[in-house]
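Spelled out from the first residue to the last, the chains are:
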Amino acid sequence: MKRPLVAIVCSDTLRREGMRRLLGIISDAEVTDASPSSPPDAEPTLWIADTDAVVQHSAFFAPRRKTTAIITSVPSDSFLTIDPSAHTDVLLEHLQEILSSLPSPAAEQSALSQREIDVLSLLARGCINKEIADRLSISINTVLTHRKNITAKLGIKSISGLGIYAVMNGYVSESDI
């Protein structure tokens, strides 16, 4: 089984190293330092970020809200949270819960069918529904069904958000959009 990848985006060196050590205690995850401007080659199973990074790079973290944990003592409805002031045992238990609740990297990659990936790629390239239908030799109703399924699975409703997702997951290159 592939080890989960955890990317830490935190400007505070002590906090970043503390998270790294805590993760080493509770899991065999591969932990890497990252930033939205230089993300790891593979999409991490979990992003751990401080509030400054999430606010500064909200467009980057918004589509990743289900796999991003913010280091803050304020609960969030949109993101997972890690309270840095919690007792070590509580913090370890909470990190364990977060890691165990995330989908495996293989499950995340198989979230979209191949045809949904085809539709997503064409959407990201700026094609309208009729163009997608013509290129894939399917009806416009089928395109609409695929679009509905894509947005439901990913939780991303905007075309620009879907474009960012397609680039970040390697379905299209930046030069294609």
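Here the residue numbers are simple positions, counted from 1 along each chain's written sequence. In keeping with the model being predicted, local features are shown solely for residues with a pLDDT of at least 70 and side-chain atom pairs are shown and tallied solely at 80 or more, while totals for entire chains, interfaces and linings include all residues. Water and hydrogen atoms play no part in the side-chain values, which are based on all heavy atoms of the structure.

Participant: When you look at unusual backbone geometry in this model, what are you seeing that I'm missing?
Facilitator: Leave glycine aside and you will find that most residues have negative phi; peptide bonds, for their part, are mostly trans. At Ser137, a position not held by glycine, the phi torsion is positive, near 55 degrees. Each helix is a run of DSSP H or I of at least 4 residues and each strand a run of E of at least 2, with the numbering of both proceeding from the N terminus. Along the polypeptide, Ser137 turns up in the loop between helix H7 (129–136) and helix H8 (140–154).

Participant: How should I be thinking about the confidence of the model for the chain in this particular structure?
Facilitator: Atomic detail in the predicted coordinates should be set aside for any region of low pLDDT. When pLDDT is averaged along the chain, the result is 87; 95% of the residues meet or exceed 70. Within a predicted model, pLDDT stands for the predictor's per-residue confidence, ranging from 0 to 100. Contact definition: two residues touch when any of their heavy atoms are within 4.5 Å. Here residues 106–110 is a poorly scored stretch, pLDDT under 50, and it has 3 contacts once near neighbours within four places are set aside; other chains count.

Participant: Can you help me understand the pairing of strand E1 (residues 5–9) in this one?
Facilitator: On a regular strand, each side chain points to the face opposite its neighbour's, so the side chains alternate between the two faces of the sheet. Here E1 lies mainly inside the structure; 5 of its 5 residues are buried. Looking at chain direction, E1 and strand E2 (residues 30–33) are connected through 4 bridges and run parallel. Bridging from a neighbouring strand, Val6 pairs with Val31 of E2. Inspection of the sheet shows E1 paired to strand E3 (residues 46–50) by 4 bridges, in the parallel sense. Note that in E3 the partner of Val9 across the bridge is Ala49. Accessible area is worked out with a 1.4 Å probe on protein chains only. A residue is then buried under 20% of its type maximum, exposed over 50%, and partly exposed in between. Strands are labelled as partners when DSSP assigns at least two bridges between them.

Participant: Is there a simple way to explain the packing of aromatic side chains in this structure?
Facilitator: How two aromatic rings sit relative to each other is given by the distance of their centres and the angle of their planes. A pair of aromatic rings is counted whenever rings of Phe, Tyr or Trp (Trp by its six-membered ring) have centres within 6.5 Å, and the orientation is called stacked for planes under 30 degrees apart, edge-to-face for over 60 and tilted otherwise. By the definition in use, this model includes 4 aromatic pairs. Between the aromatic rings of Trp47 and Phe60, the centroid separation amounts to 5.1 Å while the plane-to-plane angle is 85 degrees, which identifies the pairing as edge-to-face. Placement of the pair is Trp47 in strand E3 and Phe60 in helix H3 (residues 58–61), with a sequence separation of 13 residues. Of the two residues, Trp47 and Phe60, both sit in the buried class. Both rings, one in Trp47 and one in Phe61, keep their centres 6.0 Å apart while their planes meet at 90 degrees; by these two values the pair is edge-to-face. Of this pair, Trp47 sits in strand E3 while Phe61 sits in helix H3, placing them 14 residues apart in sequence. Note on accessibility: Trp47 and Phe61 belong to one class, buried. Taken together through their ring pairs, the aromatic side chains of Trp47, Phe60 and Phe61 make up a single cluster. Against the face of Phe60 rests Arg64, its NZ or CZ located 4.0 Å from the ring centre. Over a ring means this: the NZ of a Lys or the CZ of an Arg is within 6 Å of the ring centre and within 35 degrees of the ring normal.

Participant: Before we go on, may I ask you to explain the environment of Ser73 in this structure?
Facilitator: Here Ser73 is to be found in the loop between strand E4 (68–71) and strand E5 (80–82). Each C-alpha atom of the pair Ser73 and Asp83 lies 4.4 Å from the other, and the pair is 10 residues apart in sequence. Those residues in contact with Ser73 that sit more than four places away from it in its chain are Asp83, Pro84 and Ser85.

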